[in-house]
Amino acid sequence: MTKIEFINTCPCCDGYGDLLRELQKRFPDKIELKIYYVGKDFDYLPKYGPITRGTMIIDGKDRYEDLNRRSIEKVISEAIGEEL
């Protein structure tokens, strides 16, 4: 199971959250998803510190900040070993 955490910093990141939820629904046995909202959720702070930009973290170690639909799909495809 691949753990994907997404830290949503602004309304323009909402689309990435929607994409991640779609992928989690398609691969429920391969993706564990947690979405944090800056200003509302604070439990990511001890692990990752202050985040000012939409950030996706795979399995608690691989961090991606330069996000777009294609890059998210590529990273997740590699992480779960499935073609999207």
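Before reading on, note that the structure itself is shown above.
So, here is what we can say about the structure in this document. The model shown is predicted, which means the values in this text are computed figures rather than measured ones.

1. Thoughts on the nonpolar core
Judged by nonpolar contacts, the single largest core of 16 residues is most densely connected at Ile-4, Phe-6, Leu-20, Ile-31, Met-56, Ile-72 and Ile-76. Residue assignment for this core shows that the elements contributing at least two residues are β1 (2-8), α1 (14-26), β2 (31-37), β3 (55-58) and α3 (69-80). Counting residues in hydrophobic clusters, the runner-up holds 6 residues, among them Ile-7, Tyr-44, Tyr-48 and Ile-51.

2. Considerations on the environment of Leu-19
Here Leu-19 lies in helix α1. Residue classification places Leu-19 among the buried positions, given a relative accessible area of 3%. Along the sequence, Leu-19 and Arg-63 sit 44 residues apart, while their C-alpha atoms lie 17 Å from each other. Every residue in contact with Leu-19, bar those within four places of it in the chain, is listed here: Arg-69, Ile-72 and Glu-73.

3. Description of the sheet that holds β1
As summarised here, the arrangement of the 4 strands in space is β2-β1-β3-β4, forming an open sheet in which the pairing is mixed. Both edges of this open sheet fall to β2 and β4 (62-64), since each of them pairs with a single strand only. Across the sheet, the mean angle separating the axes of adjacent strands is 15 degrees when strand polarity is ignored. Direction of pairing for β1 relative to β3: antiparallel, over a ladder of 4 bridges. Counted as the bridge partner of Ile-7 is Thr-55 from β3.

4. Quick notes on the pattern of salt bridges
Applying the stated criterion across every chain yields a total of 7 salt bridges. Of the charged contacts, one joins Arg-21 and Asp-18 as a salt bridge, the two residues approaching to 2.9 Å between their closest N and O atoms. On the criterion of helical spacing, the pair formed by Arg-21 and Asp-18 is a turn pair, its members being 3 residues apart in helix α1. Here Glu-78 ties to Lys-74 by a salt bridge, and the two come within 3.2 Å at their closest N and O atoms. With a gap of 4 residues between them, Glu-78 and Lys-74 both fall in helix α3, about one helical turn apart.

5. Quick look at the packing of aromatic side chains
To describe a pair of aromatic rings, you give the distance between the ring centres and the angle between the ring planes. This structure, assessed with the given rule, holds 2 aromatic pairs. With a centroid separation of 6.4 Å and an interplanar angle of 85 degrees, the aromatic rings of Phe-6 and Tyr-16 are classed as edge-to-face. One end of the pair, Phe-6, is in strand β1; the other, Tyr-16, is in helix α1, and 10 residues separate them in sequence. Both rings, one in Tyr-36 and one in Tyr-44, keep their centres 5.5 Å apart while their planes meet at 55 degrees; by these two values the pair is tilted. Here Tyr-44 falls in the buried class, since its relative accessible area comes to 4%.

Cut-offs used in this document
- Residues numbered from 1 in each chain as written.
- Predicted model: local features only at pLDDT ≥ 70, side-chain atom pairs only at ≥ 80, totals over all residues.
- Heavy atoms only, no water.
- Core = buried A, V, L, I, M, F, W, Y, C linked by side-chain atoms within 4.5 Å.
- Buried < 20%, exposed > 50% of the residue type's maximum accessible area, 1.4 Å probe, protein only.
- Helix = DSSP H or I, 4+ residues; strand = E, 2+ residues; numbered from the N terminus.
- Contact = heavy atoms within 4.5 Å.
- Pairing = 2+ DSSP bridges.
- Axes fitted to C-alpha atoms, helices over the stretch in contact; angles between N-to-C directions.
- Salt bridge = Lys/Arg side-chain N within 4 Å of Asp/Glu carboxyl O.
- Phe/Tyr/Trp six-rings, centres within 6.5 Å; stacked < 30°, edge-to-face > 60°.

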